[in-house]
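# Descriptive structure summary
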Amino acid sequence: MHVEIILFGQLADIAGSSSIVVNDVSGTDALAKTVNILYPGMAAINYLIAVDKKIAREDTALSETNLVALLPPFSGG
């Protein structure tokens, strides 16, 4: 199984692309570990994982049909 992930901001800069594909991940915890290994610069960033436009607060099962995004820290005013 492969999961396509949309990246934003500095996460896209680190990956060199606005999206990546990760294989063999069953949930968001495994996804974060894999991404941090593939892109070590992301390990130092406190990013959020969104699945189908909802922030995943705990390990969430993934399938190829999910819309997954990594969201960098942001501030606003």
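Up top you'll find the structure we're talking about.
Bear in mind that the values here come from a model prediction, so they are computed numbers and not experimental data.

## Points about the pairing of strand S1 (residues 2-7)
Alternating residues of S1 divide into Val 3, Ile 5 and Leu 7, all buried, and His 2, Glu 4 and Ile 6, none buried. Looking at chain direction, S1 and strand S2 (residues 19-23) are connected through 5 bridges and run antiparallel. Its bridge partner lying in S2, Ile 5 is registered against Ile 20. Note that S1 and strand S5 (residues 68-71) share 3 bridges and pair parallel.

## Focus on the sheet that holds S1
One open sheet holds the 5 strands; their spatial order is S2-S1-S5-S3-S4, and the pairing between them is mixed. Taken across any chain shown, the strands that pair with only one partner, and hence form the sheet edges, are S2 and strand S4 (54-55).

## Comments concerning the environment of Ile 6
Within the fold, Ile 6 resides in strand S1. Distance in space between the C-alpha atoms of Ile 6 and Leu 71 is 8.7 Å, their sequence separation being 65 residues. Leaving out residues up to four positions away in the same chain, Ile 6 has contacts with Ser 18, Ser 19, Leu 67, Val 68, Ala 69 and Leu 70.

## Focus on the environment of Ile 55
As for its placement among the helices and strands, Ile 55 is situated in strand S4. It is 9.2 Å that separates the C-alpha atoms of Ile 55 and Ala 69, two residues lying 14 residues apart in sequence. Residues within four places of Ile 55 in sequence aside, it is in contact with Leu 48, Ile 49, Ala 50 and Leu 71.

## Concerning helix H2 (residues 28-38)
Buried residues of H2: Thr 28, Leu 31, Ala 32 and Val 35, and no others. Looking down the long axis of H2, one finds its buried residues gathered within 100° of arc, a one-sided arrangement. The exposed residues of H2 that point more than 90 degrees off its buried face are Lys 33 and Ile 37. Contacts from the buried residues of H2 go to S1, S2, strand S3 (48-51) and S5.

Cut-offs applied
- Residues numbered from 1 in each chain as written.
- Predicted model: local features only at pLDDT ≥ 70, side-chain atom pairs only at ≥ 80, totals over all residues.
- Heavy atoms only, no water.
- Buried < 20%, exposed > 50% of the residue type's maximum accessible area, 1.4 Å probe, protein only.
- Helix = DSSP H or I, 4+ residues; strand = E, 2+ residues; numbered from the N terminus.
- Pairing = 2+ DSSP bridges.
- Contact = heavy atoms within 4.5 Å.
- Arc of directions from axis to C-beta.

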